[in-house]
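As a plain string of letters, each chain reads:
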Amino acid sequence: MSKKIKIIIGVIVAVVVIGIVWWMIKKSQNASQPNVNGTEATANESSTENTIVSTGTSDNDLDQDMNNISAQLNGLSSDTANVDASMASSSQSGQ
Amino acid sequence: MNYKKINAVVVSAIVGIALFSAGAMPVFAQGTTSTSATNLRMRAQKNAANTVARVTQTVNRAITEIANRVNALTSLETRVNAIQKLSSSEKSSLSSQIQTQITTMKNLQAQITADENSNSTSSLKTDMQSITKAYRIYALIIPQGTIAAAGDRATAIANAITTLSVSLQTRITQAQATGVTMTSSISALADLKAKAADADAQAQAAIGKVASLVPDNGDATVLQANNAALKAARTDIQTAQKDLVTARQDAQSIIQAVKAAEKTKAATSTTSNP
């Protein structure tokens, strides 16, 4: 193998290695980048509504959907109890 | 005994008593004066101690009240930040009011503690009055936030039930295709959709009624308007909750019917294909 070919192969290997390293660094930076615009929170919030029920039609899907809805209704009962309590304390204070 | 002797005894007795009294009175007088002074001193000390105890008790109660309110506001802020159906400006406004109130409460707590440490009773009195003023805002923000949170959840459930109605419709259609009569399920599904839509409307209305309320700052007209809006919003939330409970019952009855239809279909196919 001539010296020229060895140099070309060496350059190609170096470029490939540098490319891989650059790609890995870029990937890790994207993963650790903080959420500045609050998009993550928005996604989580909107996914909450979507995960209450699935779009499946099997018996298991429907049963799971009903369990989720029941759990959310229990949460709503708790919320309305909080509303009543907060309004009771408001009327006591004269507000 | 003759009269002269008796008179002498009586006179001696009177003189003796008089002499004894004359000697003893100053002692008694001195003793009475001393006791009165001691009593006054003790009473003053007791009053001072009572005042200190009363102030300490008042300060402790105020600090406990403030801590409770800060905790309630912090929980509410977490809940408000998770609300989906408020506009970003409404959510930001409510969150900002909560933060301001938390800061006010914490500053007030620091001032009251400083007043107690410096025995500044006049400043303490002013700060205690500030608690009442601050409480007027607190008393609006808390129901405002809890109603918004309840309305948000009710809307999410209503939307979920509407999504579920599509799956239920599919299963009803499948059951009908096998020849099973699903009249009551169709009726239940219509009711489910209507209740979910009404619950959504009621919840949105409740959120709309409280979203733009402002503290009354002692204005009786604003106070009345706020109270009326909060009560109307609570009624909306209660209606939404009842709608959703009914919609869940509708869904449950439909699911039971489609499962029964499935079993009937399976039994029929077993019989026809022994």
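All figures in this text were calculated on a predicted structure; none of them were measured in a lab.

Cut-offs applied
Residues numbered from 1 in each chain as written. Chains lettered and ligands numbered in written order. Predicted model: local features only at pLDDT ≥ 70, side-chain atom pairs only at ≥ 80, totals over all residues. Helix = DSSP H or I, 4+ residues; strand = E, 2+ residues; numbered from the N terminus. Buried ≥ 20, exposed ≤ 12 C-beta atoms within 10 Å, placed from the backbone. Contact = placed C-beta atoms within 7 Å. Nonpolar A, V, L, I, M, F, W, Y, C, P; charged D, E, K, R; others polar. Expected span 1.5 Å × (residues − 1). Bend = angle between axes of the 7 residues up to and from the residue. pLDDT = per-residue confidence, 0-100. Core = buried A, V, L, I, M, F, W, Y, C linked by C-beta atoms within 7 Å. Axes fitted to C-alpha atoms, helices over the stretch in contact; angles between N-to-C directions. Parallel < 35°, antiparallel > 145°, perpendicular 65-115°, else oblique. Left-handed = near helix turned anticlockwise from the far one by under 90°.

A closer look at the overall build of chain A
Okay, so step 1: Helix and strand counts for chain A come out as three helices and zero strands.
Okay, so step 2: For chain A, the α and β elements follow one another from N to C terminus as α-α-α.
Okay, so step 3: Expressed as a percentage of the 95 residues in chain A, the buried residues total 16%.

Looking at the interface of chain A and chain B
Okay, so step 1: In this complex, chain A contributes 30 residues to the contact, which on the side of chain B involves 37 residues.
Okay, so step 2: Those elements giving two or more residues to the side of chain A that touches chain B turn out to be helix H2 (39-50) and helix H3 (59-93) of chain A.
Okay, so step 3: For the side of chain A that touches chain B, the leading source of residues is H3(A), giving 20 residues.
Okay, so step 4: Of the residues in the side of chain A that touches chain B, the class split is nine nonpolar, 15 polar and six charged.

Describing helix H3 (residues 121-177) of chain B
Residues and elements named next belong to chain B.
Okay, so step 1: Between its terminal C-alpha atoms H3 stretches 83 Å, which fits the 84 Å expected from 57 residues at 1.5 Å a residue.
Okay, so step 2: Its maximal kink placed at Tyr135, H3 deviates by approximately 25°.
Okay, so step 3: The first or second residue beyond H3 is Gly179, which carries a positive phi of 95°.

Things to note about the confidence of the model for chain A
Caution applies to low-pLDDT parts of the model: their predicted coordinates are not meant to be read in detail.
Residue and element names in this part refer to chain A.
Okay, so step 1: Residues with a pLDDT of 70 or more make up 65% of chain A, whose mean pLDDT is 73.
Okay, so step 2: For chain A, the element scoring lowest by mean pLDDT is H2, at 38; H3 scores highest, at 89.
Okay, so step 3: Predicted confidence for residues 30-48 stays below pLDDT 50, and this span has five contacts to residues more than four positions away or in other chains.

Some points on the nonpolar core
Soluble globular proteins tend to pack their nonpolar side chains together in the buried interior.
Okay, so step 1: In this structure, B:Ala148, B:Ala154, B:Ile161 and B:Val210 are the most contacted members of the largest nonpolar core, which totals 58 residues.
Okay, so step 2: Residue assignment for this core shows that the elements contributing at least two residues are H3 of chain A together with helix H1 (3-81), helix H2 (88-117), H3, helix H4 (183-211) and helix H5 (220-272) of chain B.
Okay, so step 3: Ranked by residue count, the leading element in this core is H3(B), at 20 residues.
Okay, so step 4: Once residues lying within four places of it in the same chain are set aside, the contact partners of B:Val210 are B:Gln144, B:Ile147, B:Ala148, B:Ala229, B:Leu230 and B:Ala233.
Okay, so step 5: The next biggest cluster of nonpolar side chains, apart from the first, holds six residues, and it includes B:Ala62, B:Met105, B:Leu108 and B:Leu124.

Some thoughts on the confidence of the model for chain B
Okay, so step 1: Looking at chain B as a whole, its pLDDT mean stands at 84, while 85% of the residues score no less than 70.
Okay, so step 2: Across the interfaces of the predicted complex, the ipTM metric reaches 0.71, alongside a pTM of 0.67.

Some points on the packing of H3(B) against H4(B)
All names here are of chain B.
Okay, so step 1: In contact at an axis separation of 8 Å, H3 and H4 are set at 160° when each is read in the N-to-C sense. Overall, the two elements H3 and H4 adopt an arrangement that is roughly antiparallel. When you trace H3 past H4, the crossing you get is left-handed.
Okay, so step 2: Grouping the constituent residues of the contact of H3 with H4 by class yields 17 nonpolar, nine polar and three charged.

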